[in-house]
Amino acid sequence: MNASSNLTPEALIARYFPAAQAAGTVSTVQGLSGGSIRIACGDRIYAARRSLPQAPPGVSLARQYRALKQRLPGTGPTPRLLAGGWLVTDWLHGRPCAEAVNINDLAALLRHLHAQRRFGWRISLPSLLTFYWQAAAPERRSRFWLSMLKRLHQQGEPAALKLAPLHMDVHGDNLIQTPDGLRLIDWEYAGDGDIALELAATGMGETLTQAYAERTRYSAAALARQVRRWQPWVQALMASWYEWRWQQTRQRQFIQLADDAWRRLRFMEYER
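Residues numbered from 1 in each chain as written. Predicted model: local features only at pLDDT ≥ 70, side-chain atom pairs only at ≥ 80, totals over all residues. Heavy atoms only, no water.

### So, the overall build of the chain
1) Next: Looking only at helices and strands, the chain has 10 helices and 10 strands in total.
2) Next: With the C-alpha coordinates of the chain rotated into their principal frame, the extents come out at 60 × 45 × 30 Å.
3) Next: Scored against the burial criterion, the 272 residues of the chain give a buried share of 47%.
4) Next: Look at the contacts in the chain between residues 6 or more apart in sequence, and 72% of them connect residues 24 or more apart.
5) Next: By element, 49% of the accessible surface of the chain is carried by carbon and sulfur atoms, the whole surface being about 13,500 Å².
6) Next: Distance between charge centroids for the chain: 5 Å, based on 34 positive and 22 negative side chains. (Helix = DSSP H or I, 4+ residues; strand = E, 2+ residues; numbered from the N terminus. Buried < 20%, exposed > 50% of the residue type's maximum accessible area, 1.4 Å probe, protein only. Contact = heavy atoms within 4.5 Å. Areas by Shrake-Rupley, 256 points an atom, 1.4 Å probe, with all protein chains shown as cover. Lys, Arg positive; Asp, Glu negative; His and termini not counted. Charge placed at Lys NZ, Arg CZ, Asp CG, Glu CD.)

### Section: the nonpolar core
1) Next: Counting residues in hydrophobic clusters, the biggest one holds 69 residues, and the most contacted among them are Leu106, Leu125, Tyr132, Leu175, Trp187 and Tyr189.
2) Next: For this core, the leading source of residues is helix H9 (residues 220–249), giving 12 residues.
3) Next: When residues no more than four places from it in sequence are discounted, the contact partners of Tyr189 are Leu52, Pro56, Val59, Ile123, Tyr132, His167, Met168, Asp169, Trp241 and Trp244. (Core = buried A, V, L, I, M, F, W, Y, C linked by side-chain atoms within 4.5 Å.)

### Observations regarding the sheet that holds strand S8 (residues 175–178)
1) Next: Taken together, the three strands give an open sheet; going across it, the order is S6-S8-S9, and neighbouring strands pair in antiparallel fashion. In this open sheet, the two edge strands, each paired with only one partner strand, are strand S6 (95–96) and strand S9 (181–184).
2) Next: In this sheet, S9 lies alongside S8 in antiparallel orientation, the contact comprising four bridges. Looking across to S9, one finds that Thr178 is bridged to Gly181.
3) Next: The strands that helix H4 (residues 103–114) touches are S8 and S9; relative to S9, the one it contacts most, it runs at about 55 degrees. (Pairing = 2+ DSSP bridges. Axes fitted to C-alpha atoms, helices over the stretch in contact; angles between N-to-C directions.)

### Remarks on the side chain of His114
1) Next: When you line up the elements, His114 lands in helix H4.
2) Next: Here His114 falls in the buried class, since its relative accessible area comes to 1%.
3) Next: Those residues in contact with His114, other than ones at most four positions away along the chain, are Lys162, Ala164, Pro165, Leu166, Ile195, Glu198 and Tyr212.

### Re the packing of H4 against helix H7 (residues 195–202)
1) Next: H7 packs onto H4 with a crossing angle of 150 degrees between their chain directions and a minimal axis gap of 11 Å. Compared by their axis directions, H4 and H7 come out roughly antiparallel. Our pair here, H4 against H7, has a crossing hand that is right-handed. Within the contact between the two elements, H4 uses Leu110, Leu113 and His114 and H7 uses Ile195, Glu198, Leu199 and Thr202.
2) Next: For the contact of H4 with H7, a count of residues per class yields four nonpolar, two polar and one charged. (Parallel < 35°, antiparallel > 145°, perpendicular 65-115°, else oblique. Left-handed = near helix turned anticlockwise from the far one by under 90°. Nonpolar A, V, L, I, M, F, W, Y, C, P; charged D, E, K, R; others polar.)

### Description of the packing of aromatic side chains
1) Next: The full count for this structure, using the stated rule, is 12 aromatic pairs.
2) Next: Ring geometry for Trp133 and Trp145: centres 5.1 Å apart, planes at 90 degrees, overall edge-to-face. Taken together, the positions of Trp133 in helix H5 (residues 125–135) and Trp145 in helix H6 (residues 143–155) put the pair 12 residues apart, joining distant regions of the chain. For the pair formed by Trp133 and Trp145, the shared burial category is buried.
3) Next: Arranged with centres 6.1 Å apart and planes meeting at 75 degrees, the rings of Trp241 and Phe254 form a pair that is edge-to-face. (Phe/Tyr/Trp six-rings, centres within 6.5 Å; stacked < 30°, edge-to-face > 60°.)

### As for the environment of Gln116
1) Next: Of note, Gln116 is situated in the loop between H4 and H5.
2) Next: In the structure, Gln116 is positioned 50 residues away from Leu166 in sequence and 9.8 Å away in space, judged by C-alpha atoms.
3) Next: For Gln116, the contacting residues outside a window of four places in its chain are Leu72, Pro73 and Pro165.
4) Next: Polar side-chain contacts of Gln116 include one of 2.9 Å to the backbone oxygen of His112. (Polar contact = N/O pair within 3.5 Å; in protein donor to acceptor, adjacent residues only side chain to side chain.)

This is how it looks when you write it as structure tokens:
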């Protein structure tokens, strides 16, 4: 779908949700990625997410729709519409977990997700890292960043313990405690990858790794070693994503988040 076919929020609502337009029951949803709205139509509530400008490789609303269409049981919302540059899903009723995530519940949710059928497309961190480098503000491309990028490309991704469907954006704001249990929203970065990559990307440390290992055939020690292999990749990915969002939005919060992420990565390199 090209940019010219993308609908404005007003056009989306007028075309597909005229009842919401008449009632004035539309609101924006906060988040680092931006571009989401909440639509209420009578007793039905939907979440609508627009396509990202200059989306990273492998990231699209069509893939997110396909992932949710697989109807992974007990993991996320039901998709309802893919049209006009928007993905509309049911709204998950509940509360975001923010910082108060129950580790045992999260371990069970991830174990359940990773036991499902694969999506059919691989997550490629080298491709994502290259994209973010090229899309970043030129003045922000440091020698350290370039040397890190080259080193990761040269060594290649760790061999996977197990390939499985991953969410790849697991954090408190994307975890919703619903009456039916813990669920995940915002599946735009989902794809197939190593289960240890998912654990590393959460940033929740050994407590989650231990809880996850207790629910699988992997020893906690073996799983922890694999998580550590992924940590430089994840930290570089996080810092690079913040740089990309700074270039897109010029919001100072992304500079601060990127600087913090680079400091952590430098410390990790120092300890190697």
